[in-house]
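# Descriptive analysis of the structure
So the chains spell out like this:
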Amino acid sequence: MIRKLVLPVRKLLSGTLRKLFNFLPRERRFAVYRNFVDCDPAPNASLELKIADTQEELEACFTLLHDAYVGSKFMKPDPSGMRVTIYHALPTTTTLCAKYDGEVVGTLSLIRESVLGFPLQRIFDLTALREKKGNIAEVSALAIHRRFRRTGGSILFPLMKFMYEYCTTFFDTRHLVIAVNPSHIEMYESLLFFKRLTQNVVENYDFVNGAPAVGATLDLSTAPEVFRRHYSSKPPKRNLYAFFTEVRLPNIKLPPRRFYTTNDPVLTPELLDHFFNVRTSVFMQLSDRKKKLLHTIYDLPAYRSILPALPEESQDVAVDRSHRRFSVRCPAKFSVPALDGMSCRLRLEIFELSRYGFQAYAQAGVPLNVWGEAIVRLGPSEVSQIYVLATRESASGVFDFELGEPDLIWRKFVNALYRGSTHADLENATRFMTEK
């Protein structure tokens, strides 16, 4: 009897306090939110943070997401018991997971731009953001297991740190974008300093069953300084600046990388078939246009039999794979002869490459139509030495280069990019050297 009386009273007090809290000025409210941060710099060793790369881990992530979304009325229950979207099928999407004692208890997905764009671009204009330097990724599909939602962020903050480290060191991402329910936006604004894309609330976002949404963005290049100003004087468990930028968590298992690529695709043809044909009907429900786009993304023979069939008039969608470019982040030194007989050495950062060319940022002007030697670090232990020619400056500080004859290291790397299907294929790149 007493318990029946206590629960309504507790709800009433909670609701009253929340209403009073909302009357506080915005900055005061945000300061209060920041005082409730609980980011343990030494989380339990049972916690593991990694890329979901097995059928079991992906299935657990999609199931956790389904249950959280159904509980929040962001989707209707699916017969598969999972929330799986076409964006999960893309090689440019990475699903992160938090495991506690081997059980998946947290997940989020990072979606890099592709021919399918971003989920939130249906309702938010990203034109101004695209005009800024740096790649964009949408943070989507966040879910925490019910057992850990009231534990002071014991899963959420380590998962956010994993996201921050992965984006800034592996995913080559500068701008994060989110579309969240209006009731959650102040958490992102106050704790992580996201800025709204627009002050308007979209009342009906079909990607989450018609729920309202607010769009926001975070510039990861300026975030550390913002975090420092607001958190550096706080004690360790409240100091998100140190937690994100200085603390090293042994719980985080970043993927091994032989080469400096920026994506970590994990979906083999078997996994793609399992999640998008067998367990769900995601592929079958795609529009004809999206089916065609999917065929251009997965244009390797091993995938053709499991991709959705195309209309007869669209059968010829084969892409010349020899012209594809791949996202990387490779430092390089470029030396060209100068007028005084000495060599001019310039630093480059290659961000996109193909079989016989690449695009790179340069802090200084690069002489055009002059052959020079480039020493390119393709990975921690993989260095290519090639002759290249800058053919044009395609944008301010961005130059297009043409290769002479590529060396063995370059050919091994690029052949694996063209012919491999997952990031694990790059670890065994030599097996793709049958092509001369």
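Residues numbered from 1 in each chain as written. Predicted model: local features only at pLDDT ≥ 70, side-chain atom pairs only at ≥ 80, totals over all residues. Heavy atoms only, no water.

The subject of this paragraph is the overall build of the protein chain. Scanning the protein chain for helices and strands turns up 13 helices and 15 strands. If you take every contact in the protein chain between residues at least 6 apart in sequence, the share linking residues at least 24 apart comes to 66%. Here the protein chain displays about 22,200 Å² of accessible surface, and carbon together with sulfur accounts for 53% of that area. (Helix = DSSP H or I, 4+ residues; strand = E, 2+ residues; numbered from the N terminus. Contact = heavy atoms within 4.5 Å. Areas by Shrake-Rupley, 256 points an atom, 1.4 Å probe, with all protein chains shown as cover.)

Right, let's talk about the side chain of Thr 94 for a bit. Within the secondary structure layout, Thr 94 lies in strand 2 (residues 93-100). Judged by its relative accessible area of 2%, Thr 94 is buried. At 3.2 Å, the side chain of Thr 94 and the side chain of Tyr 166 are in polar contact. (Buried < 20%, exposed > 50% of the residue type's maximum accessible area, 1.4 Å probe, protein only. Polar contact = N/O pair within 3.5 Å; in protein donor to acceptor, adjacent residues only side chain to side chain.)

This brings us to the sheet that holds strand 11 (residues 343-353). A barrel is described by the order of its strands in space; here 6 strands give the closed sequence 10-11-12-15-14-13, paired in antiparallel fashion. Here the strands of the sheet are splayed against their neighbours by 45° on average, with no regard to which way each runs. Relative to strand 13 (residues 371-379), strand 10 (residues 326-337) is paired through 4 bridges, and the arrangement is antiparallel. Bridging from a neighbouring strand, Lys 333 pairs with Ile 375 of strand 13. Sitting on the sheet, helix 12 (residues 408-419) touches strand 10, strand 11, strand 12 (357-362), strand 13, strand 14 (382-395) and strand 15 (398-403), and the angle it makes with strand 14 is about 70°. (Pairing = 2+ DSSP bridges. Axes fitted to C-alpha atoms, helices over the stretch in contact; angles between N-to-C directions.)

Now for helix 3 (residues 55-71). Over its 17 residues, helix 3 runs 24 Å from end to end, which matches the ideal 24 Å to within 8%, given 1.5 Å per residue. Inspection of helix 3 places Glu 57, Leu 58, Cys 61, Phe 62, Leu 64, Leu 65, His 66, Ala 68 and Tyr 69 among the buried residues, and these make up the whole buried set. Each element contacted by the buried residues of helix 3 is listed here: strand 1 (47-51), strand 2, strand 3 (103-112), strand 4 (136-144) and helix 9 (269-278). Lys 73 sits one or two residues past helix 3 and shows a positive phi near 65°. (Expected span 1.5 Å × (residues − 1).)

You can see Asn 204 is positioned in strand 7 (residues 202-205). According to the relative accessible area criterion, Asn 204 is exposed, its value standing at 53%. A C-alpha to C-alpha distance of 9.3 Å links Asn 204 and Ile 123, two positions 81 residues apart in sequence.

Let us look at the pairing of strand 2. Among the 8 residues that make up strand 2, 7 are buried, leaving the element largely enclosed by the rest of the structure. Examined bridge by bridge, strand 1 and strand 2 share 5 bridges and lie antiparallel to one another. Counterpart to Lys 50 in the pairing with strand 2 is Cys 97. One ladder, built from 8 bridges, connects strand 2 with strand 3; its direction is antiparallel. Each residue of the ladder has a partner; that of Leu 96, found in strand 3, is Leu 108.

As a further point, take a positive patch on the surface. Together, Lys 333, Arg 345, Arg 347 and Arg 377 make up a positively charged patch on the protein surface. For Arg 377, the position within the fold is in strand 13. Here Arg 377 falls in the partly exposed class, since its relative accessible area comes to 34%. (Patch = residues over 30% accessible without salt bridge, like charges linked within 9 Å, V, L, I, M, F, W, Y side chains within 5 Å. Salt bridge = Lys/Arg side-chain N within 4 Å of Asp/Glu carboxyl O. Lys, Arg positive; Asp, Glu negative; His and termini not counted. Charge placed at Lys NZ, Arg CZ, Asp CG, Glu CD.)

What follows is about the side chain of Arg 355. Among the secondary structure elements, Arg 355 is positioned in the loop between strand 11 and strand 12. Of the residues examined, Arg 355 reaches a relative accessible area of 15% and is grouped as buried. Separated by 2.8 Å, the side chains of Arg 355 and Asn 415 make a polar contact.

This part covers the pattern of salt bridges. Here the structure, examined in full by the defined rule, presents 19 salt bridges. Between Glu 189 and Arg 26 there is a salt bridge; the shortest N-O distance is 3.5 Å. Taken together, the positions of Glu 189 in helix 6 (residues 185-191) and Arg 26 in helix 2 (residues 26-35) put the pair 163 residues apart, joining distant regions of the chain. With a relative accessible area of 5%, Glu 189 lands in the buried category. For Arg 26, a relative accessible area of 40% gives the class partly exposed. Salt bridges sharing partners connect three or more residues here, namely Lys 50, Asp 53, Glu 57 and Lys 99.

Burial of strand 15 is extensive: 5 of the 6 residues sit out of reach of the surface. Where strand 12 and strand 15 come together, 5 bridges link them in antiparallel fashion. Bridge pairing in strand 15 links Gly 357 to Glu 402. Here strand 14 pairs with strand 15 via 6 bridges, running antiparallel. Paired with Ala 390 across the bridge in strand 15 is Phe 401. Between strand 14 and strand 15, which follow one another and run antiparallel, lie 2 residues, and Gly 397 among them has a positive phi close to 80°.

What follows concerns the packing of aromatic side chains. In the structure shown here, the tally under the stated rule is 24 aromatic pairs. Ring centres of Phe 351 and Tyr 361 lie 4.5 Å apart, and the angle between their planes is 25°; on these two criteria the pair is classed as stacked. With a gap of 10 residues between them, Phe 351 in strand 11 and Tyr 361 in strand 12 connect regions that are remote in the sequence. Taking the centre distance of 4.8 Å and the plane angle of 20° together, the rings of Phe 358 and Phe 401 count as stacked. Linking Phe 358 in strand 12 with Phe 401 in strand 15, this pair joins segments that are 43 residues apart in sequence. (Phe/Tyr/Trp six-rings, centres within 6.5 Å; stacked < 30°, edge-to-face > 60°.)

Leu 272 and Phe 283 are the most contacted members of the largest nonpolar core, which has 102 residues in total. In terms of residues, this core owes the most to one element, helix 5 (residues 156-169), which gives 9 residues. Of the domains in this structure, domain 1 (21-246) and domain 2 (269-314) are the two that each give at least three residues to this core. Leave out the neighbours within four places in its chain, and Phe 283 touches Ile 86, Ala 89, Leu 272, Phe 276, Asn 277, Lys 291, Leu 294, Ile 306, Leu 307 and Pro 308. If you look at the next biggest cluster of nonpolar residues, it comprises 32 residues, including Phe 259, Ala 332, Ala 360 and Ala 362. (Core = buried A, V, L, I, M, F, W, Y, C linked by side-chain atoms within 4.5 Å. Domains from an automatic or database assignment.)

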